[in-house]
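Structure assessment
For reference, the chains in residue letters:
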Amino acid sequence: MGPYLLGIDIGTSACKVALFDQGGNVISSASEEYEVSYPKSGWAEQNPEDWWTGICRGIKRVLEQSKIPAEQIAGIGIDGQSWAAVAVDREGNVLADTPIWMDTRANNICKELNDRVGEKRIFEISGNSLQPSYTTAKIIWYQRNLPQVYEHTYKILQSNSYIACKLTGKMTQDVSQGYGLHCFDMHTGTWNREMCEALGIPEGLLPEIYSCHEVIGTVTDHAAAQSGLAAGTPVVAGGLDAACGTLGAGVIHSGETQEQGGQAGGMSICMDQYKADMRLILGYHVIPGLWLLQGGTTGGGGVMRWLERELADYEREEGRRCGRSSLELFNDLAQETAPGSDGLIFLPYMAGERSPIWNPNAKGVYYGLDFSKTKGHLIRAAMEGVAMSLKHNLEVAEHAGAEVSVLRAIGGSANSLLWTQIKSDVTGKPIAVPSSDTATTLGAAILAGVGVGIYGSFEDAVKITVKNKRYHVPNQDNREVYDRNYRNYLEIYDSLQIIMEK
Ligand SMILES: Nc1ncnc2c1ncn2[C@@H]1O[C@H](COP(=O)(O)OP(=O)(O)O)[C@@H](O)[C@H]1O
Ligand SMILES: O=C(CO)[C@@H](O)[C@H](O)COP(=O)(O)O
């Protein structure tokens, strides 16, 4: 066993693999993209086998670039996107593409369960309102719509536990991903038999629950041959991407807050006491004894990814010529536009919206177009709209009693100085950027480091590994224009909601 730790992140747009030394420095890293398919309105699926293929490719690249023998890896941690429902048979074979966290196909099932079981009862046990994005109703959807899949389903896994299973052969459920299921008791961190029965989810489908840093097994010979890892390397249970990113950003004490800019946006407020709110999302942190009160939106970095896909033909070409990315050139265009985008306002509800409005029928909207508006306006307004959805969630959390001071940014969007500054200006909160591209994989690697005993505690691990890169302070000159736009942002949704429901 050597001195290195491997973090694996199953993001929505790509998987990332990063090799760290014990000081938290990235020795090498790789990212492998994959697709989300949207076969019908409200559906968003991925093939878990694509995650595994990407991860194997990523691990090989990381080992090759670093020239570090796989035997030198002391432990592996995996984090992943939330609320998948990976149906596997007894051998761990995937039986169907999984609906991911953006998928709202089970909306009617949620309505039915909320009526039958009772919204309040569900919320009191699970700490969350029952909504279609979560795993719960997706299982019932399989029961009703894919009986041939359901019949052969041995367990339902989450994204990280599926990859942990590919590596070790063990089927597990980590505590931080428990929040995807409303038969998970958020007070005790255990499955709740009574709620399993009420919701119609057989307890046998649910894997045994582990702490996120617990070693669940070691890399099998088969997985070693596929991935290039050394057989026998310890693997910990891992956790939710947002929670691992929270750890990797150094958010480990009550009152500290992570801001998230992956495909999804939002924030996670660390708490040492149970505090739930129907409009937000409650889960366990990857650190025992702590909870995260989260705002989780559907539009984060994904909004920019969509704009880039649709509008960046010129910037891609130009970027190749000048050695910059199309997203960097997009940032330049947005920078040329005035704060407030001259009144252009964007609602980032690109796959319905999760917290705090929970409306699967919500739509993305540009309001305020006229002939003077440019591509720069479209980009900047999109950045501002995502920042306003963050502000909306923060306001609800603060109203519910949470205290938020500094935000610590994670995810690809934090690569953009402009976007991070906009988020700071719009929310009025300072934002520290610890290590934008690697916070999530670092969190996963820290779990492995604590699990195999390299770090004596999470506190020690964070002190040693987490570094600050930048600090953004709200610019008071922009306060008035952003406050005005935010009021309009809320009003535009209120006015359009009735049309969105049709
Ligand atoms: N320079 C940049 N400017 C704006 N957005 C960026 C930049 N770099 C990356 N992003 C955004 O980051 C997102 C990817 O973040 P990441 O944390 O890797 O997401 P995920 O974990 O969901 O796959 C992309 O959707 C992209 O829009
Ligand atoms: O639901 C959450 C966190 O609670 C989302 O953040 C998803 O887990 C997606 O993460 P990214 O792929 O956007 O990083």
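Residues numbered from 1 in each chain as written. Chains lettered and ligands numbered in written order. Predicted model: local features only at pLDDT ≥ 70, side-chain atom pairs only at ≥ 80, totals over all residues.

Looking at an unreviewed UniProt entry, one finds the chain named Xylulose kinase, with Lacrimispora celerecrescens as its source organism. As recorded by UniProt, the Catalytic activity (unreviewed entry) comment attached to the chain reads in full: "D-xylulose + ATP = D-xylulose 5-phosphate + ADP + H(+)". (UniProt positions renumbered as here; feature names shortened; annotations may be inferred.)

Note: strand E2 (residues 14-20) against strand E3 (residues 26-33), 7 bridges, orientation antiparallel. Residue pairing in the sheet places Lys16 in a bridge with Ser31 of E3. (Pairing = 2+ DSSP bridges. Helix = DSSP H or I, 4+ residues; strand = E, 2+ residues; numbered from the N terminus.)

Chain-level statistics for the chain give a pLDDT mean of 97 and a share of 100% at 70 or above. As a predicted assembly, this complex carries a pTM of 0.96 together with an ipTM value of 0.97. (pLDDT = per-residue confidence, 0-100.)

Below, the discussion takes up unusual backbone geometry. In this model, Ser355 is joined to Pro356 through a cis peptide bond whose omega is -5 degrees. By the element assignment, Pro356 lies in the loop between strand E20 (345-347) and strand E21 (365-367). With a phi close to 60 degrees, Lys67 is a non-glycine residue in the positive phi region. Mapped onto the fold, Lys67 is located in the loop between helix H1 (48-66) and strand E5 (73-80). Classification of Lys67 by C-beta neighbours within 10 Å gives exposed; the count is 8. One non-glycine residue, Trp358, lies in positive phi territory at about 45 degrees. Structurally, the position occupied by Trp358 is in the loop between E20 and E21. (Buried ≥ 20, exposed ≤ 12 C-beta atoms within 10 Å, placed from the backbone.)

Looking now at helix H11 (residues 326-335). By the burial criterion, the buried members of H11 are Ser326, Leu327, Phe330, Asn331 and Ala334. Seen from one end, H11 has its buried residues packed into an arc of 150 degrees, which puts them on one side. (Arc of directions from axis to C-beta.)

Right, let's talk about the domain arrangement of the chain for a bit. When its domains are assigned, the chain resolves into domain 1 (4-250 + 434-465) and domain 2 (301-430 + 474-500). Using only C-alpha atoms to locate each centre, domain 1 and domain 2 end up separated by 28 Å. The interface is formed by 19 residues belonging to domain 1 together with 13 residues belonging to domain 2. Sorting the residues of the side of domain 1 that touches domain 2 by element identifies helix H8 (241-248) and helix H14 (439-451) as the ones contributing at least two each. Of the residues belonging to the side of domain 1 that touches domain 2, the class tally is 6 nonpolar, 12 polar and 1 charged. (Domains from an automatic or database assignment. Contact = placed C-beta atoms within 7 Å. Nonpolar A, V, L, I, M, F, W, Y, C, P; charged D, E, K, R; others polar.)

Within strand E19 (residues 291-297), 7 of the 7 residues are buried, leaving the element largely enclosed by the surrounding structure. With burial as the criterion, each face of E19 is covered, one bearing Trp291, Leu293, Gly295 and Thr297 and the other bearing Leu292, Gln294 and Gly296. The pairing of strand E17 (residues 265-271) with E19 spans 7 bridges and is classified as antiparallel. Within E19, the position partnered with Met271 by the bridge is Trp291. Both strand E18 (residues 281-284) and E19 contribute to a ladder of 4 bridges, which runs antiparallel. Residue pairing for E19: Gly283 is matched across the bridge by Leu292. Taking the residues that link successive antiparallel strands as the turn, the E18-E19 hairpin has 6 residues, and the phi of Gly289 there is positive, at about 85 degrees.

Counting buried residues in helix H10 (residues 313-322) gives 1 out of 10 residues, a small share hidden from the surface. Residue Gly323 follows H10 closely and has a positive phi angle near 70 degrees.

Among the 16 residues in the neighbourhood of ligand 2, the closest are listed as Thr12, Ser82, Gly262, Gln263 and Ala264. The set of elements that each furnish at least two residues to the shell around ligand 2 consists of H8 and E19. (Near = placed C-beta within 6 Å.)

Contact geometry for helix H12 (residues 375-399) and helix H13 (residues 417-427): axes closest at 9 Å, N-to-C directions at 45 degrees. In terms of orientation, H12 and H13 fall into the oblique class. As for how H12 packs across H13, the hand of that crossing is right-handed. Facing Met383, Glu384, Ala387, Met388, Leu390, Lys391 and Leu394 of H12, the residues of H13 in contact are Trp419, Ile422, Lys423, Val426 and Thr427. When its residues are assigned to classes, the contact of H12 with H13 shows 8 nonpolar, 1 polar and 3 charged. (Axes fitted to C-alpha atoms, helices over the stretch in contact; angles between N-to-C directions. Parallel < 35°, antiparallel > 145°, perpendicular 65-115°, else oblique. Left-handed = near helix turned anticlockwise from the far one by under 90°.)

As a matter of local geometry, ligand 1 sits amid 19 residues, with Gly11, Gly262, Gln263, Gly301 and Gly412 nearest to it. Put simply, the parts of the chain that give the shell around ligand 1 at least two residues each are helix H9 (301-311) and H11. Considering each element in turn, the shell around ligand 1 owes the most residues, 4 residues, to H9. Partitioned by chemical class, the residues of the shell around ligand 1 number 4 nonpolar, 13 polar and 2 charged.

So, on to the sheet that holds E19. Read across the sheet, 7 strands follow the order E18-E19-E17-E16-E22-E23-E24 without closing on themselves; strand pairing throughout is mixed. Where the open sheet ends on each side, the last strands, each with one partner, are E18 and strand E24 (470-472). Adjacent strand axes in the sheet meet at a mean angle of 25 degrees, parallel and antiparallel pairs treated alike. In the sheet, strand E16 (residues 257-261) pairs with E17 via 5 bridges, with the strands oriented antiparallel. In the strand pairing of E17, Gln258 is matched with Ser268. Sheet strands in contact with H12 are E16, E17 and E19, and its direction is about 30 degrees off that of E17.

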